[in-house]
Amino acid sequence: MLRSAQHRESPATGYPLLWQLPACILLLALFNEGAVASTPTPISEFDLPEAISAANSIGVDRSGNVWFAEKVGKNLTMFDPVTKAFAAYPLPASWGNVGPSRITFSPQGDIWFSVRRWAGSVEETNMLGRFSLLDNSYHRYSLSARAVPEELLVDTNGIVWFLAPDENTLYRFNPQTNTLKQYVIPTKNAYPRAISLDKKGNIWFAEA
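Every value quoted in this text rests on a predicted model; they were computed, and no experiment measured them.

A. Expanded view of the overall build of the chain. Counting its secondary structure elements, the chain contains one helix and 16 strands. Relative to its full complement of 208 residues, the chain shows a buried share of 40%. Across the chain, every contact between residues at least 6 apart in sequence was considered, and the portion connecting residues at least 24 apart equals 39%. On the chain, roughly 12500 Å² of surface is accessible, and the fraction owed to carbon and sulfur atoms is 54%.

B. The side chain of Asn75, seen in detail. Relative to the helices and strands, Asn75 resides in strand E5 (residues 75-80). Overall, the relative accessible area of 7% leaves Asn75 in the buried class. With residues up to four places along the chain from it excluded, the contact list for Asn75 reads Glu50, Phe68, Ala69, Glu70, Ala88, Tyr89, Pro90, Pro100 and Tyr138.

C. Fine view of the sheet that holds strand E6 (residues 85-90). Read from one edge of the open sheet, four strands run E3-E4-E5-E6, paired in antiparallel fashion. The open sheet terminates on both sides in strands that have one partner only, identified here as strand E3 (55-60) and E6. Strand-to-strand twist of the sheet, defined as the mean angle between neighbouring strand axes without regard to direction, takes the value 20°.

D. Spatial organisation of the pattern of salt bridges. Overall, the coordinates contain five salt bridges when judged by the stated rule. Ionic pairing is found between Glu150 and Arg116, a salt bridge with its closest N-O pair at 3.1 Å. In this pair, Glu150 sits in the loop between strand E10 (137-142) and strand E11 (152-154) while Arg116 sits in strand E8 (residues 111-117), placing the two residues 34 residues apart along the sequence. For Arg193, the salt bridge identified is with Glu150, shortest N-O distance 2.3 Å. Of the two residues, Arg193 is situated in strand E15 (residues 192-197) and Glu150 in the loop between E10 and E11; the sequence distance between them amounts to 43 residues. Looking at Arg193, the relative accessible area reads 29%, which means it is partly exposed. A single network of salt bridges, built from pairs that share partners, joins Arg102, Arg116, Glu150, Glu151 and Arg193.

E. The arrangement of the packing of aromatic side chains in detail. The full count for this structure, using the stated rule, is 14 aromatic pairs. Summarising the aromatic geometry, the rings of Trp95 and Tyr138 are spaced 6.0 Å apart at their centres and angled 65° between planes, so their arrangement reads as edge-to-face. Taken together, the residues Trp95 in the loop between E6 and strand E7 (98-105) and Tyr138 in strand E10 connect sequence positions 43 residues apart. Given a relative accessible area of 5%, Trp95 falls into the buried group. Residue Tyr138 is classed as buried on the basis of its relative accessible area, which comes to 16%. When the ring of Tyr141 is compared with that of Phe173, the centres are 5.8 Å apart and the planes differ by 70°; the resulting orientation is edge-to-face. Of this pair, Tyr141 sits in strand E10 while Phe173 sits in strand E13 (residues 169-174), placing them 32 residues apart in sequence.

Conventions adopted
Residues numbered from 1 in each chain as written. Predicted model: local features only at pLDDT ≥ 70, side-chain atom pairs only at ≥ 80, totals over all residues. Heavy atoms only, no water. Helix = DSSP H or I, 4+ residues; strand = E, 2+ residues; numbered from the N terminus. Buried < 20%, exposed > 50% of the residue type's maximum accessible area, 1.4 Å probe, protein only. Contact = heavy atoms within 4.5 Å. Areas by Shrake-Rupley, 256 points an atom, 1.4 Å probe, with all protein chains shown as cover. Pairing = 2+ DSSP bridges. Axes fitted to C-alpha atoms, helices over the stretch in contact; angles between N-to-C directions. Salt bridge = Lys/Arg side-chain N within 4 Å of Asp/Glu carboxyl O. Phe/Tyr/Trp six-rings, centres within 6.5 Å; stacked < 30°, edge-to-face > 60°.

Dropping the structure here:
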């Protein structure tokens, strides 16, 4: 299921109205001697068409379409918020019993993603995938190391950065030369999670 929450700002403060709702409700309750007025929820839900989906990571492309990974459904799926229509793009059968896990958009607009194996599967997951929005084609990149990518991003030069929490390592992958470079995290067993890029080109991540 997809969820959408409207985000509006107060003209007076510039703060999101969503965060002001609890305070407004509290004040109303005090003035009305404890009577709490009901307010409509700003969250909309959209049922997925696939019976087996397991929707995971999500992102929005330049046209405003919503993309998400379906690990069990083995799809990258697009949702058009205007027409409310879904379009699924199955992984090639040759990839085996794996499904897309985490997704990110490159500056060129392509979708890069990691994969996870199905329960009971022995498929290799030391790979990265790329989905081209120009021709809806998949491209697979096998990694030279036994690294299992999780969180990932693509910088302005088209370099893919990803974390391998079980290895306590940050990786840099150049798809043009198919080369992989690793950076071991100084803190042992840091289990790095969540990765981001600042305006200076620095890579930031959390250590769980």
